[in-house]
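Spelled out from the first residue to the last, the chains are:
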Amino acid sequence: MNRFAELLDRLAYEPGRNAKLRLITEYLRATPDPERGWALAALTGALSFKHAKAGMIRGLIAERTDPALFALSYDYVGDLSETVALMWPADPTQKSRSAPTLSEVVQTLSTLGKAQLPAQIARWLDGLDETGRWALLKLVTGALRIGVSARLAKTAVAALGNRQSDEIEVLWPGLTPPYLDLFARLEGRAEKPSTRDPAPFRPPMLAHAAEEPDLAALNAEDYLAEWKWDGIRVQASAGHDEHGDLVARLYSRTGEEISRSFPDLLAALRLPCAIDGELLIMREARVQSFNVLQQRLNRKSVTPKLMAEFPAHLRAYDLLAQGDEDLRNRPFSERRERLQALVTGLNDPRIDISPLVPFKTWSDLTAARADPASAGAGADAEAVEGVMVKRRDAAYVPGRPKGPWWKWKRDPMVIDAVLMYAQRGHGKRSSYYSDYTFGVWSKGETGEELVPVGKAYFGFTDEELIQIDRFVRRNTVDRFGPVREVVHEPKSGLVLEVAFEGLQRSTRHKSGIAMRFPRISRLRWDKPP
C-alpha cells in the first residue's frame, strides 16, 4: 500500500504528461503481480466497492474530531480524503503494525460486510501515515483526481511492453483486474489474451472538435459528413455463443452495459454485428428532445407502458463488425455501405442509418450546419447538434486520433447571467471558489428579482478563475456552510456570459428551467447586473 500511496502522491504533484507516463510505467515494471494489476485498475477507474461510501468516511472522522472543526477544515481544503488524512488522530500503538498490501485492501473492501467495514478502515487509518491514509481514502471513495486519465494509464501499460496504446484499448474490454494475462503478454510470458464473449464492447473512436478554419485546411473531397444527433452515443453488439444462440447487448460509450434498460431495442438486433450509433426516442417518426430521452435513462425496471410511451431507437453511424468479421480496419466509406445493407436487412423501424449531409465545398457544409432543416434533416432539425466530418478512408481507431474525424457542433446559445453563489472546488481547485450558481432577472411579486437558472464550473481560464475568486472573497454578503452568497444587485455584481446547449423544465430551480451543459464563456466586467 505504501508504494501505491507514493505513486499517487508523485502523480498528484507532477504536471507533465510524459513524466506521469514514466512514473506509472516504472511503477508497473518494479511492482509484482497482483499489486500492479490492482493499481492499474484503480488508475483506470475499474474498481468500485459496494459498501465503501464517502458518508461512511465522514462518520468515522466525526467520531474522532470536532464536527465544526472538520467542517471548517473541509471547506478550506476542499477534498474529503485529504482533509480526513490530515485530521485523523494518529494512534502510536498501531505504528508497529505493517501497512496492508494493496491486494489485501482491495480484497477486504470487496468481501467485508457493511457492518464490519468501518472498523476495518479505521484500523488501517490508525496504522498508516498521512500519505498512506490519503491514498487509502482515495481508493475507497473512487475519486483519485490526480490528473491521470484511463487512457494515460493504458498508454503507460503499453510502454511497458513497447506496444501501441491502441492495442491495449482493443484488448481492454475483455480483461479483468488484476490483469495477470495482460502483464504476461507484455513481458513475453504468454500469448495475446483472447475473449470468447459473443457480444463484446469495442473501444469507441472519438472526434476532435473543429471550427471553420480547421476544416478550411482540409480537402473537402476526402470527407463525408453526417448529422450529429442529440442523444446518447451507444454501441449495439450481437453474436452467437457456443450453443449457437444469439446474444445481444447494448453498451454506453464508456463500455457500461445498459441492456436491461432497453430490452425493446435489443429485440431489433437479429443479426450478428456491432453498430456504433446514437440512442434516441422516436415518436411518429420524429426524434424527440434529449429531455424526453432522459425518461428512459438509469431505469432499474422498464415497464411495457414506459417502452410504449418512450420507444427507444438506434440511429446507426458505423459498422464495426459483421458476423465474425472485424471491419474496423476497413475504410469508413466501405463500412458505411455495409451498414446501409445491414440496416436494410434488419428491416426494423427501431433501427435506421444516420443520413449523410450532401456537400461539395466547406461553404456548402457551413450552410447545412446553420440550417439543418433545409439540408435534409427536415422535421428532426431541432435534434441536430451539429455535423460529423469523417475521412472516407478512415479506419475505426480507438481513442481520439487527430485528423480522421471532426465534430463541428452548432453554435451554442448565449445569455448574460449574474453570479449569485460560489463554492470552493475540489482537487487542484480546492483553494479557489470555482463552482458558480448564476441567475437571470424575472418579474416577481415585489418587482424584478434574480432567480437561479444554473451552475457552472468550467469554461474560464486560470487567470479568470483568480479574478472571480478575488471578486467572491471581496463581495461576500452571506455564508451557508461552504457556500458564499455574493452581492447581486441591479447596480452591483458580476455578469457572466454563459453558453449552453439547450433548456429544459426543472423543478429544482425557482425559475422552472435548467440549462444543458452550461459553461462560462466570458466575464462581462463591462456590464452592470
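Above this note sits the structure.
Residues numbered from 1 in each chain as written. Predicted model: local features only at pLDDT ≥ 70, side-chain atom pairs only at ≥ 80, totals over all residues. Heavy atoms only, no water.

### Here's the deal with the overall build of the protein
When helices and strands are counted, the protein shows 19 helices and 20 strands. Over its C-alpha trace the protein gives a radius of gyration of 26 Å, about what one expects of a compact globule, namely 24 Å for 529 residues. Taking the principal axes of the C-alpha coordinates as reference, the protein spans close to 75 × 70 × 50 Å. In the protein, once contacts between residues fewer than 6 apart in sequence are set aside, the share between residues at least 24 apart is 68%. Put simply, the protein shows about 26300 Å² of open surface, and 49% of that area lies on carbon and sulfur atoms. Across the protein, the centroid of the 74 positively charged side chains sits 2 Å from that of the 70 negatively charged ones. (Helix = DSSP H or I, 4+ residues; strand = E, 2+ residues; numbered from the N terminus. Rg over C-alpha atoms; globule rule 2.2 N^0.38 Å. Contact = heavy atoms within 4.5 Å. Areas by Shrake-Rupley, 256 points an atom, 1.4 Å probe, with all protein chains shown as cover. Lys, Arg positive; Asp, Glu negative; His and termini not counted. Charge placed at Lys NZ, Arg CZ, Asp CG, Glu CD.)

### A short note on the environment of alanine 220
By the secondary structure assignment, alanine 220 is in the loop between helix H13 (212-216) and strand S2 (223-229). A residue is classified by how much of its surface remains accessible, and alanine 220, at 11% relative accessible area, is buried. Along the sequence, alanine 220 and lysine 510 sit 290 residues apart, while their C-alpha atoms lie 47 Å from each other. In this view, alanine 220 contacts Phe359, Lys360, Thr361 and Trp362; residues no more than four positions away in its chain are not counted. (Buried < 20%, exposed > 50% of the residue type's maximum accessible area, 1.4 Å probe, protein only.)

### Regarding the packing of aromatic side chains
Scanning the entire structure with this criterion turns up nine aromatic pairs. Judged by centre distance (5.8 Å) and plane angle (15°), the ring pair of phenylalanine 70 and tyrosine 74 falls under stacked. Separated by four residues within a single helix, phenylalanine 70 and tyrosine 74 lie in helix H5 (residues 67-77), roughly one turn from each other. Note on phenylalanine 70: relative accessible area 11%, which makes it buried. Taken together, a centroid distance of 5.5 Å and an interplanar angle of 25° make the contact between phenylalanine 359 and tryptophan 362 stacked. Here the two residues phenylalanine 359 and tryptophan 362 agree in accessibility, since each one is buried. (Phe/Tyr/Trp six-rings, centres within 6.5 Å; stacked < 30°, edge-to-face > 60°.)

### Here we look at the pattern of salt bridges
Side-chain pairing between opposite charges can occur once the charged atoms of the two side chains come close. Under the criterion given, the structure shown has 38 salt bridges. Between aspartate 79 and lysine 138 there is a salt bridge; the shortest N-O distance is 2.9 Å. With aspartate 79 in the loop between H5 and helix H6 (80-87) and lysine 138 in helix H9 (residues 130-141), this residue pair connects regions lying 59 residues apart in the sequence. Linking arginine 233 and aspartate 276 is a salt bridge whose minimum nitrogen-to-oxygen distance equals 2.7 Å. Residue arginine 233 is found in strand S3 (residues 232-240), and its partner aspartate 276 is found in strand S5 (residues 273-283); the two are separated by 43 residues along the sequence. Connected through salt bridges with shared partners, the residues Asp33, Arg36, Glu187 and Arg189 form a single ionic network. (Salt bridge = Lys/Arg side-chain N within 4 Å of Asp/Glu carboxyl O.)

### Notes on the sheet that holds S2
Spatially, the four strands line up as an open sheet ordered S1-S11-S10-S2, and their pairing is mixed. Two strands lie at the open edges of the sheet, namely strand S1 (208-209) and S2, each paired on one side alone. In this sheet, strand S11 (residues 405-409) lies alongside S1 in parallel orientation, the contact comprising two bridges. In the strand pairing of S11, alanine 209 is matched with lysine 407. Lying on the sheet, helix H17 (residues 332-346) is in contact with S2, strand S10 (384-391) and S11; it crosses S2 at an angle near 55°. (Pairing = 2+ DSSP bridges. Axes fitted to C-alpha atoms, helices over the stretch in contact; angles between N-to-C directions.)

### Here's the deal with the side chain of lysine 154
Counting through the fold element by element, lysine 154 comes out in helix H10 (residues 150-160). For lysine 154, a relative accessible area of 10% translates into the label buried. Not counting residues within four places of it along the chain, the set of residues in contact with lysine 154 comprises Thr44, Ile168, Glu169 and Trp172.

### Section: helix H2 (residues 17-30)
The terminal C-alpha atoms of H2, which comprises 14 residues, lie 20 Å apart, in line with the 20 Å expected from a rise of 1.5 Å per residue. For H2, the complete set of buried residues consists of Ala19, Lys20, Leu21, Leu23, Ile24, Thr25, Tyr27 and Leu28. (Expected span 1.5 Å × (residues − 1).)

### Here we look at the nonpolar core
Taken as a class, soluble globular proteins show a tendency for nonpolar side chains to be buried jointly. Grouped together as the largest cluster of nonpolar side chains are 63 residues, with contacts concentrated most on Phe4, Leu43, Leu102, Leu109, Ile121, Leu139 and Leu182. If sequence neighbours within four positions are ignored, leucine 109 has contacts with Phe49, Ala52, Leu117, Ile121, Trp124 and Val140. Listed in part, the 31 residues of the second largest apolar core include Ala236, Ile258, Ala312 and Leu346. (Core = buried A, V, L, I, M, F, W, Y, C linked by side-chain atoms within 4.5 Å.)

### Some thoughts on the pairing of strand S15 (residues 476-480)
Two strands pair when backbone bridges link them, and S15 and strand S16 (residues 483-486) are joined in this way by four bridges, in the antiparallel orientation. Paired with phenylalanine 480 across the two strands is valine 483, which belongs to S16. Hairpin connection between S15 and S16: a loop of two residues separates the two successive antiparallel strands, and glycine 481 in this loop has a positive phi of roughly 65°.

### Some details on the environment of aspartate 197
Inspection of the secondary structure assignment puts aspartate 197 in the loop between helix H12 (180-186) and S1. Judged by relative accessible area, which is 30%, aspartate 197 ranks as partly exposed. Put simply, aspartate 197 and valine 140 are 57 residues apart on the chain and 30 Å apart in space, counted from C-alpha to C-alpha. Aside from chain neighbours lying at most four places away, what touches aspartate 197 is Arg249 and Tyr251. A polar atom in the side chain of aspartate 197 sits 2.9 Å from the backbone nitrogen of alanine 199. There is a polar contact of 2.6 Å between the side chain of aspartate 197 and the side chain of arginine 249. (Polar contact = N/O pair within 3.5 Å; in protein donor to acceptor, adjacent residues only side chain to side chain.)

### Some words on the packing of helix H3 (residues 35-43) against H10
Viewed as axis vectors pointing N to C, H3 and H10 meet at an angle of 150°, and their least axial separation amounts to 8 Å. The angle between H3 and H10 falls in the class roughly antiparallel. Contacts from Arg36, Leu40 and Leu43 of H3 reach H10 at Ala150, Ala153, Val157 and Leu160. Counted by class, the contact of H3 with H10 contains six nonpolar, no polar and one charged residues. (Parallel < 35°, antiparallel > 145°, perpendicular 65-115°, else oblique. Nonpolar A, V, L, I, M, F, W, Y, C, P; charged D, E, K, R; others polar.)

### Thoughts on the environment of leucine 109
Here leucine 109 shows up in helix H7 (residues 102-111). Spatially, the C-alpha atom of leucine 109 lies 6.2 Å from that of phenylalanine 49, the residues being 60 residues apart in sequence.

### Considering unusual backbone geometry
Here aspartate 33 and proline 34 are connected by a cis peptide whose omega angle stands at -5°. As for its position among the elements, proline 34 is in the loop between H2 and H3. Following proline 177, the chain continues to proline 178 via a peptide bond in cis, the omega torsion being 10°. By secondary structure assignment, the location of proline 178 is in the loop between helix H11 (165-171) and H12. Unusually for a residue other than glycine, asparagine 298 sits at a positive phi of about 60°. With respect to the helices, strands and loops of the structure, asparagine 298 is situated in the loop between helix H15 (290-293) and helix H16 (304-309).

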